Amino acid sequence: MGLRSWVTGLLGEEGNAAEAADDGDDGQLELTVDVERRAGSILEHYGLSGEDARQVAEILAAELAREEGYARSMIADRVARELDMDDDRARTIVDTEVASIRNLARVRKFTEQAGEDVRFRWIDSVGKDDSPVCADVRAAIDERGPVGLGELRSIIREAADEHPSGTPERADDLVPHEQCRHTVVRHVE
């Protein structure tokens, strides 16, 4: 048992949030990608053609399913190369979508473990609020206490709607803004 595993065991999921946000370190998360749904979200949000949006979703599905893990930078490089896209735009899309896929997988896992009454918190994976949108999400949850999934989505939508960089239309995907580095964690009493 390594130090990381020992600390994780002591602190649980919330103490492990920064580690969980690292590339490819998904533990037991099942990172499934509904290609049709994800392609639709990508099409609407980034304004890509239907074919390009589907190709990005297929690349995400293939790369996240790799047994040996994944690296977001490698996925972004592949997206940029195969779609002849600007590197920064590809990185934004990949970072945003992988964070969404990871957070949705975490919600599924926590719901399977604790049932529909599971409560969530929203924490920064790097230890500080790096966006005003997520700072507002965290503040709302800190004020109310742990929230259910529907309430989390409502809080994200409301906070995102208040900021020019916000993406309220992506609240169901747990995307308050592009390149979000926050993660959903299960609240355990």
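The rules behind each value
- Residues numbered from 1 in each chain as written.
- Predicted model: local features only at pLDDT ≥ 70, side-chain atom pairs only at ≥ 80, totals over all residues.
- Heavy atoms only, no water.
- pLDDT = per-residue confidence, 0-100.
- Contact = heavy atoms within 4.5 Å.
- Axes fitted to C-alpha atoms, helices over the stretch in contact; angles between N-to-C directions.
- Helix = DSSP H or I, 4+ residues; strand = E, 2+ residues; numbered from the N terminus.
- Parallel < 35°, antiparallel > 145°, perpendicular 65-115°, else oblique.
- Left-handed = near helix turned anticlockwise from the far one by under 90°.
- Nonpolar A, V, L, I, M, F, W, Y, C, P; charged D, E, K, R; others polar.
- Buried < 20%, exposed > 50% of the residue type's maximum accessible area, 1.4 Å probe, protein only.
- Pairing = 2+ DSSP bridges.
- 1 Å grid on protein atoms, 1.4 Å probe; cavity = no way out; pocket = protein on both sides within 12 Å on 5 of 7 lines; lining within 4 Å.
- Points joined across faces, edges and corners; volume = space filled by probe spheres on them.
- Patch = residues over 30% accessible without salt bridge, like charges linked within 9 Å, V, L, I, M, F, W, Y side chains within 5 Å.
- Areas by Shrake-Rupley, 256 points an atom, 1.4 Å probe, with all protein chains shown as cover.
- Salt bridge = Lys/Arg side-chain N within 4 Å of Asp/Glu carboxyl O.
- Lys, Arg positive; Asp, Glu negative; His and termini not counted.
- Charge placed at Lys NZ, Arg CZ, Asp CG, Glu CD.
- Core = buried A, V, L, I, M, F, W, Y, C linked by side-chain atoms within 4.5 Å.

Draft legend 1. Quick peek at the confidence of the model for the protein chain. Residues at a pLDDT of 70 or more form 84% of the protein chain, whose mean pLDDT is 85. Counting contacts from residues 1-26, a segment whose pLDDT is below 50, to residues more than four positions away or on other chains yields 35 contacts.

Draft legend 2. The arrangement of the packing of helix H7 (residues 132-144) against helix H8 (residues 149-161) in detail. Across the interface, H7 lies against H8 with an axial gap of 9 Å and an inter-helix angle of 135 degrees. Between H7 and H8, the angle is such that the two are oblique. You can see that H7 and H8 cross each other, and the crossing is right-handed. Where H7 abuts H8, its residues Val 133, Asp 136, Val 137, Ala 140, Ile 141 and Arg 144 lie against Glu 151, Leu 152, Ile 155, Ile 156, Glu 158, Ala 159 and Ala 160. Its residues placed into classes, the contact of H7 with H8 shows 9 nonpolar, no polar and 4 charged.

Draft legend 3. A look at the pairing of strand E2 (residues 182-186). Counting buried positions along E2 yields 4 of 5 residues, so the element is predominantly enclosed. The pairing of strand E1 (residues 120-124) with E2 spans 5 bridges and is classified as antiparallel. Residue pairing across strands places Phe 120 opposite Arg 186, the latter belonging to E2.

Draft legend 4. The arrangement of empty space enclosed by the protein in detail. Evaluation of the coordinates by the stated rule reveals 1 cavity of 30 Å³ or more. Here the largest cavity is characterised by a volume of approximately 40 Å³. Around the largest cavity, the lining residues are Thr 96, Ala 99, Ser 100, Asn 103, Leu 174, Val 175, Pro 176, His 177, Cys 180 and His 182. Tallying contributions element by element places helix H6 (residues 87-114) first for the lining of the largest cavity, with 4 residues. Looking at the lining of the largest cavity, its residues break down into 5 nonpolar, 5 polar and no charged.

Draft legend 5. Spotlight on a negative patch on the surface. A cluster of acidic residues, Asp 77, Asp 86, Asp 87 and Asp 88, forms a negative patch at the surface. Position of Asp 86 relative to the elements: it lies in the loop between helix H5 (72-83) and H6.

Draft legend 6. Representation of the nonpolar core. In terms of nonpolar packing, the biggest core is built from 27 residues, with Ile 42, Leu 48, Val 56, Leu 64, Ile 75 and Val 79 touching the most fellow members. When contributions to this core are tallied by element, the ones reaching two or more residues are helix H3 (35-46), helix H4 (50-64), H5 and H6. Residues within four places of Ile 75 in sequence aside, it is in contact with Ile 59, Leu 60, Glu 63, Leu 64, Tyr 70 and Val 94. If you look at the next biggest cluster of nonpolar residues, it comprises 21 residues, including Phe 110, Ala 159, Ala 171 and Cys 180.

Draft legend 7. The pattern of salt bridges, seen in detail. Going through the model one piece at a time under the given rule, you end up with 14 salt bridges. Its salt-bridge partner being Glu 97, residue Arg 38 comes within 2.6 Å of it at the nearest N-O pair. Remark: Glu 97 occurs in helix H6 and Arg 38 occurs in helix H3; sequence separation between them is 59 residues. On the basis of relative accessible area, Glu 97 is assigned to the buried category, the value being 0%. Here Asp 173 and Arg 170 are joined by a salt bridge, their closest N and O atoms 3.1 Å apart. Exposure remark for Asp 173: the relative accessible area of 4% places this residue in the buried category. Arg 170 gets classed as buried once you look at its relative accessible area, which sits at 3%. Through salt bridges with shared partners, one network takes in Arg 37, Arg 38, Glu 97, Arg 170 and Asp 173.

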